[in-house]
Amino acid sequence: MGFAHEYATAIMHRGRIPMEPVGFVPDWSDRPRKGKFYPGAESFPLPQGDDARPAPAATVQEGVFGAAGPRERLFSLPLLGGMLLDSYGRTGRRLGVQANTDLPSLPFYTDANWSRGTASGGGLYPATVYWVNGPGGPLTPGVHHYSTTHHAMQRLLTGDVSAEIRAATGLEAAATDQFLVLGVKFWQNAFKYNSFCMHAVSMDVGALLQTWRMWARARGLRIEPALWFDEERIAGLLGLDVLDEGVFAVVPLSWEGERAAAPSTGRTGGPAPRVRRTESERSRRVIPFETVRRIQAATVENATERPGPGALAPAAVSPEAPSSVPVVAPVPLPEPAPLDMGVREALRRRRSSFGRFDARRPLAADQLAATLAAAASASVGSDATGADEPGEPNGLRLTRLYVFVNHVEGVAPGAYAYEPGSTHETGGGHGLRLVKPGPPGDFLQRNYFLSNYNLEQAAAVVVPAVRTAAVLDAAGDRGYRLVNATVGAVAQTFYTVATALGLGSGVALGFDTVSFVEELELAESGEAPLLIMLVGHERPGSADFRYEIA
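Structural notes on the side chain of Glu245
With respect to the element layout, Glu245 can be found in strand β8 (residues 245-252). Of the polar contacts made by the side chain of Glu245, one reaches the side chain of Lys36; its length is 2.7 Å. Beyond its immediate chain neighbours, meaning those up to four positions away, Glu245 contacts Lys36, Thr128, Tyr130, Gly183, Val184, Lys185, Phe186 and Leu240.

Written out as C-alpha cells, the structure reads:
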C-alpha cells in the first residue's frame, strides 16, 4: 500500500483531523504569479479561433455527447489558438457582488479576478501548457510555453524533440509530431492550500482536459490524453524539477497537412535535449511542503506502468445504486433539456454563483436531468478506463452521482442516487433512487466549512463519489491522479452545462467527507465524495461588472 492511500485517507478526514501544517497562514503579499513567466523569451500571438462566423455549430450538446456528422477533423493553428483561449486564456474581468471571502480585494487591480473558461480550485489556475511541435506543424520545431496573459506562445527551445515525447509516452507509432504537455507548478497552489495542494491541482488537470475534450468534440476533433508515461524524462526535456512541477498529461494532436517524418524512438546517443531557459519566480520565499513532495514522488515512481485492459474493473461502479440504497422504484426523470448554447459562449459565461442562489424559483426537472446526464458522461479519456466517447459500453464508470434535492419541480426533497440508464444522449431510463427522505438543507449547511454558500438555497447539490481506495489498489499511487482528474472533468462538465441552461452553479471542496459517507451509507461500497456541485436559479438583478478582453 503506497503513500497515496495515506494521503487519500488524510484528505477524507481533514474536516475532523486537520492536515499538517496546522494553523498555516498564506503570505498573500508574497504570492506567486498565476502563470509562469519566462523573461526574454521570443513570443508570437495566437489566433483566437474559428468561432467568428455567425451561428457556430459547436454547441454544448455536441461537446458533451458528441457531434453528428464527419469526425476526425484535424487541428490547425486557428483551432489550437481558439481551444487554448477558450479554456485557459484570460477572457475578461469579473467583479460581481457575491458572498465569497475575496470580495473586498477584487476592486483593486492588483487583485483583479480575470475570468477563464476552465474552473480552478480557489481560482488559482496552476496548470502550465507546453506545446512540443515537430516539423509537421506550422512553426519551426521546438518547445513552447503558452502565456495565458498574452494568449501567445513563448519559444523555450528550438529543434525537433517530438521523438522524445513519443518515446516517453510509448506513442512511437503516433501519426503526429504535435503534442500538448500539461504541467502543474505546485507552488502556484501550495502557497495557499499547503498539503491539500495535490488534491486540488489534480482536479484542475481533469477540468482543463475536459474543457479541451468538449471544445474539440463539438468540432469533430479528438482529444485523447495520456496519463501514464515517463514523467521524469519529459520533465527533464522541459527543464523542470519533477518534485516542483509535475507533468500530468500529454495530448497528441492530429494536425492538418502533417509532414512529420517517420516515427522515431528518440535520441540514440549524446546528451538529452533540455530547455535551458528558466522562469522568473515572483515569490521571495518558496516553501517545499513535505506532504506535497511525498505524494508527487509516489505518483511519479511507477509512472510508466499503465493499467492493462480491465485492470480497473474491480474499482468501477455499476449503473445501479449500491446495495445500501433501499429497493424502491426510482423517480423517473424526463428527457434532458437541450443544450443549444455554443461551447465558446458557455465557457465565457461560466462562473461560480457564490451565495447568489434563490430558492423561490424551483429548478425544472428536465434541467436537473440535463446536468446529471452530462456529468455522468464525463471522463478524461481512454488511457486507463477504456472510454473514448460518452456512453460507450467498453468504458468503465468510476463515478457515481448522489443528489441532495432541495427545490426541484416534481421531485420530493431528499437524498438520491442517480441511475443514468442506458442512453446518455437522451437520458433514456434515467432516474433518482431515494436514499434518505426529507429536506437535506440542515445537513448540508452543518457539514459545509465556508460561508460563501447557503446550500439550502441551491435547488440541488450533486455529489460525485469514487471508490478511491479500490482505484489505488488497481492502478497504484498514480491512480490518485486519475481519480481526481475524473472528478475534475465531472465538475467542469457540470459548470458548462449549467451555464448553457442559464442556471447558477458552483463547486466546493470545503465539506466534511465522513459525514457524507455516513449520511449516504457508503462505507460498505467504499465510495467517497470528493466535492459538491450546486445548481439552481440565482437572485434576479444581482450587481455584476464584466469587462470582456477577448
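There is more to say, and it comes next.
Details of helix α3 (residues 77-88)
With 12 residues, α3 should reach 16 Å at 1.5 Å per residue; the first-to-last C-alpha distance of 16 Å fits that figure. Within α3, 10 of the 12 residues are buried, leaving the element largely enclosed by the surrounding structure. Within the span of α3, buried status applies to Leu79, Leu80, Gly81, Gly82, Met83, Leu84, Leu85, Asp86, Ser87 and Tyr88. Where α3 is buried, its residues contact β4 (127-133), β5 (142-147), β6 (152-158), β7 (178-185), α6 (197-217) and α9 (343-349).

Description of the pairing of strand β11 (residues 414-419)
Of all six residues that make up β11, six are buried, and the element is covered over most of its length. Bridging between strand β10 (residues 399-405) and β11 involves four bridges; their strand directions are antiparallel. Following the sheet pairing, Val405 is matched in β11 by Gly414. As paired strands, β11 and strand β12 (residues 431-437) are joined by six bridges and run antiparallel to one another. Note that in β12 the partner of Tyr418 across the bridge is Leu432.

Describing the sheet that holds β7
As summarised here, the arrangement of the six strands in space is β1-β6-β5-β4-β7-β8, forming an open sheet in which the pairing is antiparallel. The open sheet is flanked by β1 (43-45) and β8, the only strands paired with a single partner. The sheet shows a mean angle of 30° between the axes of neighbouring strands, direction not considered. Of the strand pairs in this sheet, β1 and β6 are connected by three bridges, and their pairing is antiparallel. When the sheet's bridge partners are listed, Pro45 is paired in β6 with Ala152. Of the strands in this sheet, β4, β5, β6 and β7 touch α3, which is tilted by about 170° from β4.

What about the packing of aromatic side chains?
Here the structure, examined in full by the defined rule, presents 15 aromatic pairs. Arranged with centres 6.0 Å apart and planes meeting at 65°, the rings of Tyr193 and Phe196 form a pair that is edge-to-face. Both rings, one in Phe511 and one in Phe516, keep their centres 5.1 Å apart while their planes meet at 70°; by these two values the pair is edge-to-face. These aromatic residues form a ring-pair network of at least three members: Phe354, Phe357, Tyr448 and Tyr453. A cation over a ring is seen here: Arg219 above Trp215, with NZ or CZ 3.6 Å from the ring centre.

Notes on the confidence of the model for the protein
Of all residues in the protein, 90% have pLDDT values of 70 or greater, and the mean over the chain is 90. In the predicted structure, residues 423-427 sits below a pLDDT of 50 and forms 14 contacts with residues beyond four places in sequence or in another chain.

Things to note about the nonpolar core
Leu180, Trp212 and Leu432 are the most contacted members of the largest nonpolar core, which totals 118 residues. Sort the elements by how many residues they give to this core and helix α13 (residues 479-500) lands first, with 13 residues. Sequence-distant contacts of Leu180, defined by excluding residues within four places in its chain, comprise Leu80, Met83, Leu84, Val129, Tyr130, Trp131, Trp212, Ala249, Val250, Val251 and Leu253.

Side note on the pattern of salt bridges
Per the counting criterion, the structure on display carries 23 salt bridges. The shortest N-O distance in the salt bridge between Asp244 and Arg293 comes to 3.1 Å. Taken together, the residues span a long stretch of sequence, with Asp244 in the loop between α7 (231-237) and β8 and Arg293 in helix α8 (residues 290-301) at a distance of 49 residues. Taken together, the shared-partner salt bridges in this structure form one network comprising Arg16, Asp512 and Glu518.

Examining the pairing of β4
Here β4 lies mainly inside the structure; seven of its seven residues are buried. Residue alternation in β4 divides its side chains into two sets, Ala127, Val129, Trp131 and Asn133 and Thr128, Tyr130 and Val132, and both sets are buried. Of the strand pairs in this sheet, β4 and β7 are connected by seven bridges, and their pairing is antiparallel. Paired with Val129 across the two strands is Leu182, which belongs to β7.

Some thoughts on the environment of Glu527
Mapped onto the elements, Glu527 comes out in the loop between α14 (513-520) and β15 (528-529). When its relative accessible area of 2% is taken as the criterion, Glu527 is described as buried. Each C-alpha atom of the pair Glu527 and Val317 lies 8.8 Å from the other, and the pair is 210 residues apart in sequence. Those residues within four positions of Glu527 in sequence are excluded, and the remaining contacts are Val317, Pro322, Arg400, Tyr402, Ala465, Val466, Arg467, Val517 and Leu522. In terms of polar contacts, Glu527 uses its side chain to reach the side chain of Arg400, at 3.0 Å. Side-chain polar atoms of Glu527 contact the side chain of Tyr402, separated by 2.8 Å.

The rules behind each value
- Residues numbered from 1 in each chain as written.
- Predicted model: local features only at pLDDT ≥ 70, side-chain atom pairs only at ≥ 80, totals over all residues.
- Heavy atoms only, no water.
- Helix = DSSP H or I, 4+ residues; strand = E, 2+ residues; numbered from the N terminus.
- Polar contact = N/O pair within 3.5 Å; in protein donor to acceptor, adjacent residues only side chain to side chain.
- Contact = heavy atoms within 4.5 Å.
- Expected span 1.5 Å × (residues − 1).
- Buried < 20%, exposed > 50% of the residue type's maximum accessible area, 1.4 Å probe, protein only.
- Pairing = 2+ DSSP bridges.
- Axes fitted to C-alpha atoms, helices over the stretch in contact; angles between N-to-C directions.
- Phe/Tyr/Trp six-rings, centres within 6.5 Å; stacked < 30°, edge-to-face > 60°.
- Lys NZ or Arg CZ within 6 Å of the ring centre and 35° of its normal.
- pLDDT = per-residue confidence, 0-100.
- Core = buried A, V, L, I, M, F, W, Y, C linked by side-chain atoms within 4.5 Å.
- Salt bridge = Lys/Arg side-chain N within 4 Å of Asp/Glu carboxyl O.

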